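# Descriptive analysis of the structure
The primary structure of each chain is shown beneath.
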Amino acid sequence: MNDLIYSLTASTVAESLSIASVLEILGASIIIGFIISLVYVITHKKDGYSQAFCVCLILLAPIVGLVILLVGNNVARAFSLAGAFALIRFRSAPGDPKDIAFVFMSVVMGLACGMGYWFYAGLATIVILAVILILHFTNYAGKKGNTYTLRITVPETLNYVGAFDDTLKKYTTYYKLERVKTVDFGALFELSFTVNLKNDNDMRDLLDDVRAMNGNLKVMLSSETLTRSFHFQ
């Protein structure tokens, strides 16, 4: 009896699937994900945003749409899916948002193939990977130049509020004061900025101008992307 019920349910779900319905769901979800991502970029221009997160917003929409399409009204599949996605928790580190989206996609496609929908899984994979490649080669939501962390040490007698604004505006497209802390028992302050340089070739000029303003104290410009740093002391 259970086998009969399962076969009837599987055949019903399979009949509800078609190439047109899969493409329709993927197309609609990609458009919606793009709109959501675009609004996020517009609303976060001032405070800054992560390119990886913007891409992740677009990718998650069609992937989740495919999940819902596969699960349908089948409670057993829903619980199986929850158990499958629990495997993602075994990642040792959160990682890049795009990495998580790829993991999520792989799990979904594996589920689809395991349920016998290998053709639809292949079709969805082609569409989603095409979107990924387009976003990658068009550098969607990418910023010109690289993002760095600029640490400036200033004496306690210097009023650091807005003191470096003119210099940072000259060399960067974006900057934000992230942290202020005392060093050397309060004799000095260390300012930490997130900056996006207009031109990487201006690094030395930026550091020289800052050193002229902070009394030639320590200045450091570091980038996790390039895994290198420049400092003077």
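Everything discussed here concerns the structure shown above.
What this report covers is the structure whose coordinates are included nearby. (Residues numbered from 1 in each chain as written. Predicted model: local features only at pLDDT ≥ 70, side-chain atom pairs only at ≥ 80, totals over all residues. Heavy atoms only, no water.)

## A few points about the pattern of salt bridges
For the structure on display, the rule yields five salt bridges. Notably, a salt bridge pairs K170 with D209, separated by 4.0 Å at the nearest N-O pair. Separated by 39 residues along the polypeptide, K170 in helix α7 (residues 165-171) and D209 in helix α8 (residues 203-213) bring together distant segments of the chain. Assessed through its relative accessible area of 26%, D209 is described here as partly exposed. Among the salt bridges present, the one from R179 reaches E190, with a minimum N-O distance of 3.8 Å. Here R179, found in strand β2 (residues 172-183), pairs with E190, found in strand β3 (residues 188-197); they are 11 residues apart in sequence, far enough to count as distant. Looking at R179, the relative accessible area reads 41%, which means it is partly exposed. (Salt bridge = Lys/Arg side-chain N within 4 Å of Asp/Glu carboxyl O. Helix = DSSP H or I, 4+ residues; strand = E, 2+ residues; numbered from the N terminus. Buried < 20%, exposed > 50% of the residue type's maximum accessible area, 1.4 Å probe, protein only.)

## Some points on unusual backbone geometry
With phi around 55 degrees, D184 is a residue other than glycine that occupies positive phi space. Within the element layout of this structure, D184 appears in the loop between β2 and β3. Residue classification places D184 among the exposed residues on the basis of a relative accessible area of 53%.

## Structural notes on the nonpolar core
Most often, soluble globular proteins have nonpolar side chains that are buried together. Core analysis: the largest hydrophobic core is formed by 34 residues, its most contacted members being L59, L66, V108, M109, I128, L135 and Y140. At the level of secondary structure, the elements contributing two or more residues to this core comprise α2 (19-43), α3 (51-71), α5 (97-114) and α6 (118-137). Ranked by the residues each element gives to this core, the list is headed by α3, at 11 residues. The next biggest cluster of nonpolar side chains, apart from the first, holds 18 residues, and it includes L150, F189, L191 and L221. (Core = buried A, V, L, I, M, F, W, Y, C linked by side-chain atoms within 4.5 Å.)

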